[in-house]
Amino acid sequence: MANQAPTLPLLTPYKLGTFDLSHRVVLAPLTRQRSYGNVPQPHAILYYSQRTSKGGLLIAEATGVSDTAQGYPDTPGIWTKEQVEAWKPIVNAVHAKGGIFFCQIWHVGRLSNTGFQPNGQAPISSTDKPLTPQANGVDVAQFTPPRRLRTDEIPQIVNDFRLAARNAMEAGFDGVEIHGAHGYLIDQFLKDQVNDRTDQYGGSLEKRCQFALDIVEAVVNEIGADKVGIRLSPFADYMESGDSNPKELGLYLANSLNKYGILYCHMFEPRVDTVREKIGCPQSLVPMRKAFNGTFIATGGFDREDGNNAVAEGRADLIAFGRWFLANPDLPKRFELNAPLNKYNRDTFYTSDPVLGYIDYPFLDSTA
């Protein structure tokens, strides 16, 4: 057809290190709380397979690195042999459809309580400052005041991330994304609103970033820089984890990460930063994007138009979609056809039903 519309920026191919992506629509990591007993379940095979397209990048839901990493019911882990084995058929299903699959490795830090911790101990953090109870979409999360990690304990936590990365490769994943965002453990070290340490992991900007960079270095040394990404949210103050100079923090991290040559940096765009207001500032990530040498993935409330504009203007290489991909397993196809999108049902984001609101969102009528 001579009058065929030009290819949407989101649907152009992209070379992600050694991976050939057929489009730039990424499945964002989404906590779904359907991994009973912290073990991935067979229903996740269909869930991820439904959202796989040939040459598409998927990032798995946040996955705990150790038995102290959990803070929500039924989130998966990757620290035991049983968990690794349970991930394998899920990864295989994504690969069978030609997808590229990264595992997001995660520690919640103080976003937990004694009920999720081994032997009912206190959650660990950079600090001993407690969190106020938070509505989490299901009920009101109650947090136990955390225990501040001793300096000599920190290498063990770094090692937990290294082992989780090794286990992810054993499970067949193509790589890992280190979760350094949204108020979880790494963010609790990065942000000066939380980190009140006086050792080599607190105080100056450089010292607050040391824990994150120690983890990056350990994971890179274990599995290779070409298989490592990181997620960061310098502008977000989610879970009382804000920073007094987020732009400086983001820039310092982007520049520091270049030393390790990691594959990508996945940043949360600040326009959905706070409950109080939507800060419409799509340019805010541009300095970090320019500073970082690898692939830059942006996320945070993007729709088709926003995503196309961000790619066309060079503000990001790839765009991660969360809620829209959750509700539209064939999202890249819908973007291609500019088809209407299924509405997402917030009420079933975090329920434990293995079908409802999980694998029952309809595809476009294949005969249309």
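Residues numbered from 1 in each chain as written. Predicted model: local features only at pLDDT ≥ 70, side-chain atom pairs only at ≥ 80, totals over all residues. Heavy atoms only, no water.

Novice: For this particular structure, what's the right way to read the overall build of the protein?
Specialist: A count of helices and strands for the protein gives 10 helices and 15 strands. Computed over its C-alpha atoms, the radius of gyration of the protein comes to 19 Å, within 12% of the 21 Å expected for a compact globule of 368 residues. With the C-alpha coordinates aligned to their principal axes, the bounding extent of the protein is approximately 65 × 40 × 40 Å. If you take every contact in the protein between residues at least 6 apart in sequence, the share linking residues at least 24 apart comes to 72%. Taken as a whole, the protein presents about 14700 Å² of accessible surface, with 52% of it coming from carbon and sulfur. Charge-centre separation for the protein: the mean point of 36 positive side chains lies 3 Å from the mean point of 41 negative side chains. (Helix = DSSP H or I, 4+ residues; strand = E, 2+ residues; numbered from the N terminus. Rg over C-alpha atoms; globule rule 2.2 N^0.38 Å. Contact = heavy atoms within 4.5 Å. Areas by Shrake-Rupley, 256 points an atom, 1.4 Å probe, with all protein chains shown as cover. Lys, Arg positive; Asp, Glu negative; His and termini not counted. Charge placed at Lys NZ, Arg CZ, Asp CG, Glu CD.)

Novice: Where do I start with the pattern of salt bridges in this structure?
Specialist: Side chains bearing opposite charge may pair, as long as their charged atoms lie close to each other. Counted by the stated rule, this structure contains 20 salt bridges. We note a salt bridge from Lys88 to Glu85, for which the minimum N-O separation is 2.9 Å. You can see Lys88 and its partner Glu85 sitting in helix 2 (residues 81-96), three residues apart, about one turn around the helix. Taking relative accessible area as the criterion, Lys88 reaches 22% and is therefore assigned partly exposed. In this structure Glu85 comes out as partly exposed when scored by relative accessible area, which is 35%. Each member of the salt-bridge network shares a partner with another, and the members are Lys81, Glu85, Lys88 and Glu170. (Salt bridge = Lys/Arg side-chain N within 4 Å of Asp/Glu carboxyl O. Buried < 20%, exposed > 50% of the residue type's maximum accessible area, 1.4 Å probe, protein only.)

Novice: I'm lost on the environment of Gly300 in this one. Help?
Specialist: Relative to the elements of secondary structure, Gly300 occurs in the loop between strand 14 (295-299) and helix 8 (304-312). Along the chain, Gly300 and Gln117 lie 183 residues apart, while their C-alpha atoms are 30 Å from each other.

Novice: Sorry if this is basic, but what is going on with the pairing of strand 11 (residues 175-180) here?
Specialist: Two faces belong to every sheet, and in a regular strand the side chains alternate between them. Counting buried positions along strand 11 yields six of six residues, so the element is predominantly enclosed. Residues of strand 11 alternate between two faces, with Gly175, Glu177 and His179 on one and Val176, Ile178 and Gly180 on the opposite face, all of them buried. Pairing of strand 6 (residues 100-106) with strand 11 involves four bridges; the strand directions are parallel. Along strand 11, the bridge assignment pairs Phe102 with Gly175. Sheet topology note: the strand 11/strand 12 (residues 228-232) ladder contains five bridges and is parallel. By the bridge assignment for strand 12, Glu177 is matched with Gly229. (Pairing = 2+ DSSP bridges.)

Novice: Please explain the side chain of His107 as it appears in this structure.
Specialist: Here His107 is to be found in the loop between strand 6 and strand 7 (124-125). Among the residues examined, His107 registers a relative accessible area of 1% and is labelled buried. Among the polar contacts made by the side chain of His107, one reaches the side chain of Thr68 at a distance of 2.8 Å. Those residues in contact with His107 that lie beyond four places of it in its chain are Val65, Ser66, Thr68, Ala69, Ile124, Phe161, Tyr184 and Leu185. (Polar contact = N/O pair within 3.5 Å; in protein donor to acceptor, adjacent residues only side chain to side chain.)

Novice: Is there a simple way to think about the side chain of Asp243 in this case?
Specialist: When you line up the elements, Asp243 lands in the loop between strand 12 and helix 6 (246-257). We classify Asp243 as buried; its relative accessible area is 14%. A polar side-chain atom of Asp243 sits 2.9 Å from the main-chain amide nitrogen of Asp192. Engagement of the side chain of Asp243 in a polar contact is seen with the side chain of Arg208, the distance being 3.0 Å. Residue contacts for Asp243: discarding those within four places in its chain leaves Leu190, Lys191, Asp192, Arg208, Pro234 and Leu249.

Novice: It is not clear to me how the environment of Ser204 should be interpreted in this structure. Could you clarify?
Specialist: With respect to the helices, strands and loops of the structure, Ser204 is situated in the loop between helix 4 (185-190) and helix 5 (205-223). Between the alpha carbons of Ser204 and Asp192 there is a distance of 8.9 Å; along the sequence they are 12 residues apart.

Novice: Honestly, helix 3 (residues 154-170) in this entry has me stumped. Any pointers?
Specialist: Side chains that are three or four residues apart share a direction in an α-helix, a result of its 3.6 residues per turn. The terminal C-alpha atoms of helix 3 lie 25 Å apart, and with 17 residues this matches the ideal 24 Å at 1.5 Å per residue to within 8%. For helix 3, every residue scored as buried is listed here: Ile154, Ile157, Val158, Asp160, Phe161, Ala164, Ala165, Asn167 and Ala168. On the buried face of helix 3, the contacting elements are helix 2, strand 6, strand 7, strand 11, helix 4 and helix 5. One or two steps after helix 3, the chain reaches Gly172, where phi turns positive at roughly 105°. (Expected span 1.5 Å × (residues − 1).)

Novice: Sorry, what's going on with the confidence of the model for the protein here?
Specialist: Model confidence for the protein is summarised by a mean pLDDT of 94, while 93% of its residues fall at 70 or above. Scored below 50 in pLDDT, residues 273-278 makes eight contacts in the model with residues more than four places away or belonging to other chains. (pLDDT = per-residue confidence, 0-100.)

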